[in-house]
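Below are the chains, spelled out letter by letter.
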Amino acid sequence: MAENEFTGTEIPEDLLQAIAGGMTELEKFNIDSFVYSWKKSGMTLEQVLGKFSFLEGNENADEYFDYIIKYYNSI
């Protein structure tokens, strides 16, 4: 009888993070770029968070907002 062996499919790390619920490196890069630009133009943290208000319905919104706040404060 022949063996039925499943070898699986390798999933790239960034896709795996997206599936698992984490931010991808591309998402972090985009957030960093916008936040940096907005802070350098004089926007307050509250104004920057307002720009990301569309995330409020996202199940991972807290993770995004925490990341945005930490990055804003690190600049």
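Chemist: For this particular structure, what's the right way to read the overall build of the protein chain?
Modeler: Across its full length, the protein chain holds four helices and zero strands. Moving toward the C terminus, one meets the helices and strands of the protein chain in the order α-α-α-α. Relative to its 75 residues, the protein chain shows a buried fraction of 23%. In the protein chain, the share of contacts with a sequence separation of at least 24, taken over all contacts with a separation of at least 6, comes to 51%. Summing over all exposed atoms, the protein chain offers an accessible surface of approximately 5,800 Å²; the carbon and sulfur share of this is 53%.

Chemist: Quick question: what am I supposed to make of the pattern of salt bridges here?
Modeler: Pairs can form between side chains of opposite charge once their charged atoms are near each other. If you walk through the whole model with that rule in mind, you get one salt bridge. With its nearest N and O atoms 3.9 Å apart, the salt bridge here joins K28 to E25. Taken together, the residues span about one helical turn, with K28 and E25 both in helix α2 (residues 25-40) at a distance of three residues. Taking relative accessible area as the criterion, K28 reaches 25% and is therefore assigned partly exposed.

Chemist: How should the nonpolar core be read in this particular structure?
Modeler: Most often, soluble globular proteins keep nonpolar side chains buried together rather than apart. If you look at the biggest cluster of nonpolar residues, it comprises 14 residues, and the most contacted ones within it are I31, V35, V48, F52, L55, F65 and I68. Of all the secondary-structure elements, those providing two or more residues to this core are α2, α3 (45-51) and α4 (61-74). When residues in this core are grouped by element, the largest group, five residues, is from α4. With residues near it in sequence (within four places) discarded, I68 still touches I31, V35, V48, L49, F52 and L55.

Chemist: Got a minute to help me understand the packing of aromatic side chains in this structure?
Modeler: Here the distance between the centres and the angle between the planes together describe a pair of aromatic rings. On inspection of all chains with the given rule, the structure shows three aromatic pairs. Relative to F54, the ring of F52 lies with its centre 6.2 Å away and its plane at 35°, an arrangement referred to as tilted. Looking at F52, the relative accessible area reads 6%, which means it is buried. Three or more aromatic residues joined by ring pairs form one cluster here, namely F34, W38, F52 and F54. Residue placement shows K39 over the ring face of Y72; its charged tip is 4.4 Å from the ring centre. In this arrangement the basic side chain of K51 is found over the ring face of W38, its NZ or CZ atom lying 5.6 Å from the centre.

Chemist: In this structure, what is going on with the packing of α2 against α4? I would like to understand it.
Modeler: Any two packed helices are characterised by the angle at which their axes cross and by the distance between the axes. Between α2 and α4, the least distance of the axes is 10 Å, while the angle of their chain directions is 45°. The orientation of α2 relative to α4 falls into the category oblique. Along this stretch, α2 crosses α4, giving a crossing that reads as right-handed. Side by side, α2 and α4 meet where E27, K28, I31, D32, V35, Y36 and K39 of the first sit next to Y64, Y67, I68, Y71 and Y72 of the second.

Reading the values: the criteria
- Residues numbered from 1 in each chain as written.
- Predicted model: local features only at pLDDT ≥ 70, side-chain atom pairs only at ≥ 80, totals over all residues.
- Heavy atoms only, no water.
- Helix = DSSP H or I, 4+ residues; strand = E, 2+ residues; numbered from the N terminus.
- Buried < 20%, exposed > 50% of the residue type's maximum accessible area, 1.4 Å probe, protein only.
- Contact = heavy atoms within 4.5 Å.
- Areas by Shrake-Rupley, 256 points an atom, 1.4 Å probe, with all protein chains shown as cover.
- Salt bridge = Lys/Arg side-chain N within 4 Å of Asp/Glu carboxyl O.
- Core = buried A, V, L, I, M, F, W, Y, C linked by side-chain atoms within 4.5 Å.
- Phe/Tyr/Trp six-rings, centres within 6.5 Å; stacked < 30°, edge-to-face > 60°.
- Lys NZ or Arg CZ within 6 Å of the ring centre and 35° of its normal.
- Axes fitted to C-alpha atoms, helices over the stretch in contact; angles between N-to-C directions.
- Parallel < 35°, antiparallel > 145°, perpendicular 65-115°, else oblique.
- Left-handed = near helix turned anticlockwise from the far one by under 90°.

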